[in-house]
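Close look at the chain arrangement
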Amino acid sequence: KNQVEQSPQSLIILEGKNCTLQCNYTVSPFSNLRWYKQDTGRGPVSLTIMTFSENTKSNGRYTATLDADTKQSSLHITASQLSDSASYICVVSASNAGGTSYGKLTFGQGTILTVHP
Amino acid sequence: DGGITQSPKYLFRKEGQNVTLSCEQNLNHDAMYWYRQDPGQGLRLIYYSQIVNDFQKGDIAEGYSVSREKKESFPLTVTSAQKNPTAFYLCASSPFSGGAGGANVLTFGAGSRLTVL
């Protein structure tokens, strides 16, 4: 069964500090991994997407890493801001044979990040 | 601005009633999706559509129905057969759901929160 597990479930940090969120997956065959940010009561917004051949990708203060061998990804947030308070969701896509049908997405349960002043 | 519009934002339903959640996109995306989000769980796929007048069941389709009469619109009906409908519902779209692993990034709407009284 394809699964995506995120840790920690929740995290509280002070403004200006760095933090790292973890994502472990057992999705196969692997196609790509995405990180989304979801503000409370809103829809998720894409931060990064990485394929098998990519091991790091940045989007401003967000840097995602991918180790396809150990099936782990991390999202590092640098110099956190109050607006970073949100849920961060790891999503892994599985390939389909033939490549023409819907790519199955498996969502993690999210890590709730709270940034305090 | 291009995007996805979901309405209503909040909806209350009495037991035994059917309710319909609206989802409209002006991104010219081919594929549209409905997800359900419950606290502490990853998003779960209800239905998806790759083309007008065609749609497929996701992982939790029981008690739900959809239609795709126009490319821009993908309404979701929560029927009385859905025993636990209280949840946050997210509509999403992507340019094309085919291709290896569905590598297109999803664009999400702001969500609709349904509460059963």
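Each residue is numbered by its place in its chain's sequence as written, counting from 1. Whichever chain is written first is A, and whichever ligand is written first is 1; the rest continue in order. Local features in a predicted model are, by the rule used here, given only for residues with pLDDT of at least 70; side-chain atom pairs are given and counted only at 80 or more, and totals for whole chains, interfaces and linings are based on all residues. Side-chain figures throughout are based on the complete set of non-hydrogen atoms in the structure, without hydrogens or water.

Overview of the overall build of chain B
Numbered from the N terminus, helices here are DSSP runs of H or I no shorter than four residues, and strands are runs of E no shorter than two. When helices and strands are tallied, chain B shows zero helices and 11 strands. When the helices and strands of chain B are listed from N to C terminus, the series reads β-β-β-β-β-β-β-β-β-β-β. Expected size for 117 residues packed as a compact globule is a radius of gyration near 13 Å; at 13 Å, chain B falls within 12% of this value. With the C-alpha coordinates aligned to their principal axes, the bounding extent of chain B is approximately 40 × 30 × 30 Å. Within chain B, the fraction of its 117 residues that count as buried is 50%. Every accessible area reported is derived by Shrake-Rupley at a probe size of 1.4 Å, with residue values counting cover from the shown protein chains alone. A total of about 5500 Å² of accessible surface is found on chain B, and carbon and sulfur atoms cover 49% of it. In this tally Asp and Glu are treated as negative and Lys and Arg as positive; neither His nor the chain ends contributes. Here the site of a charge means atom NZ of a Lys, CZ of an Arg, CG of an Asp or CD of a Glu. In chain B, which carries 11 positive and 10 negative side-chain charges, the distance between the mean positions of the two groups comes to 7 Å. Throughout, the radius of gyration refers to the C-alpha atoms, and the reference size of a globule is 2.2 Å times the residue count to the power 0.38. Only protein chains enter the accessibility calculation, which uses a 1.4 Å probe; a residue whose area is less than 20% of its type maximum is buried, one above 50% is exposed, and one in between is partly exposed.

A short note on the sheet that holds strand S8 (residues 76–78) of chain B
Residue and element names in this part refer to chain B. Read across the open sheet, the four strands follow the order S1-S3-S8-S7; overall the sheet is antiparallel. If you trace the sheet from one side to the other, it starts and ends with strand S1 (4–7) and strand S7 (64–66), each paired once. Shown here is a sheet whose adjacent strand axes are inclined to one another by a mean of 20°, direction ignored. For two strands to be treated as a pair, DSSP must find at least two bridges joining them. One ladder, built from four bridges, connects S1 with strand S3 (residues 19–25); its direction is antiparallel. Bridged to Ser 7 within S3 is Ser 22. Axis angles are defined between N-to-C directions and span 0 to 180 degrees, where every axis is a line fitted to C-alpha atoms and, for a helix, only to the segment in contact.

So, the side chain of Thr48(A)
Residues and elements named next belong to chain A. Tracing the sequence through the fold places Thr 48 in strand S5 (residues 45–51). Take Thr 48: its relative accessible area is 3%, and that puts it in the buried class. Note on definitions: a residue-residue contact is assigned when non-hydrogen atoms from the two residues lie within 4.5 Å. Ignoring sequence-local partners within four residues, the contact set of Thr 48 consists of Leu 33, Arg 34, Trp 35, Lys 57, Asn 59 and Ala 64.

So, the environment of Val91(A)
With respect to the element layout, Val91(A) can be found in strand S9 (residues 86–94). Spatially, the C-alpha atom of Val91(A) lies 12 Å from that of Leu66(A), the residues being 25 residues apart in sequence.

Here's the deal with the pairing of strand S6 (residues 56–59) of chain A
All names here are of chain A. Both S6 and strand S7 (residues 62–67) contribute to a ladder of four bridges, which runs antiparallel. Paired with Thr 56 across the two strands is Thr 65, which belongs to S7. Between S6 and S7, which pair antiparallel one after the other, the connecting turn spans two residues, and Gly 60 there sits at a positive phi close to 65°.

Re the sheet that holds S7(A)
All names here are of chain A. With antiparallel pairing, the five strands of this open sheet are ordered in space as S1-S3-S8-S7-S6. Across the chains shown, the open sheet's two edge strands, defined by having one partner strand only, are strand S1 (4–7) and S6. In this sheet, neighbouring strand axes are inclined to one another by 15° on average, regardless of whether the strands run parallel or antiparallel.

Some thoughts on the pattern of salt bridges
Residues and elements named next belong to chain B. The salt bridge criterion pairs a side-chain nitrogen of Lys or Arg with a carboxyl oxygen of Asp or Glu, the two atoms within 4 Å. In this structure the tally under the stated criterion is five salt bridges over all chains. When the shortest N-O distance is used, the salt bridge between Asp 38 and Arg 36 registers 2.8 Å. Take Asp 38 and Arg 36: they sit in the same class, and that class is buried. The salt bridge partner of Asp 38 is Arg 44, with a shortest N-O separation of 2.8 Å. Among the residues examined, Asp 38 registers a relative accessible area of 12% and is labelled buried.

A closer look at the nonpolar core
Nine residue types can take part in a nonpolar core, namely buried Ala, Val, Leu, Ile, Met, Phe, Trp, Tyr and Cys, and a core is a set of them joined through side-chain atoms within 4.5 Å. Counting residues in hydrophobic clusters, the biggest one holds 24 residues, and the most contacted among them are Tyr25(A), Leu33(A), Trp35(A), Leu75(A), Tyr88(A) and Val92(A). Looking at this core, the elements with two or more residues in it are strand S3 (19–25), strand S4 (30–38), S5, S7, strand S8 (72–77), S9 and strand S11 (111–116) of chain A. The element best represented in this core is S9(A), accounting for five residues. Not counting residues within four places of it along the chain, the set of residues in contact with Leu33(A) comprises Cys23(A), Tyr25(A), Thr48(A), Ile49(A), Met50(A), Leu66(A), Ser73(A), Cys90(A), Val91(A) and Val92(A). Listed in part, the 20 residues of the second largest apolar core include Val19(B), Leu21(B), Tyr47(B) and Tyr89(B).

Points about a nonpolar patch on the surface
Residues form patches when they are more than 30% accessible in relative terms and have no salt bridge. Like charges link within 9 Å. Nonpolar side chains (Val, Leu, Ile, Met, Phe, Trp, Tyr) link within 5 Å. Together, Tyr10(B), Phe12(B) and Leu117(B) make up an exposed nonpolar region whose accessible area comes to about 390 Å². Looking at where Leu117(B) falls in the secondary structure, it is placed in the segment after strand S11 (112–116).

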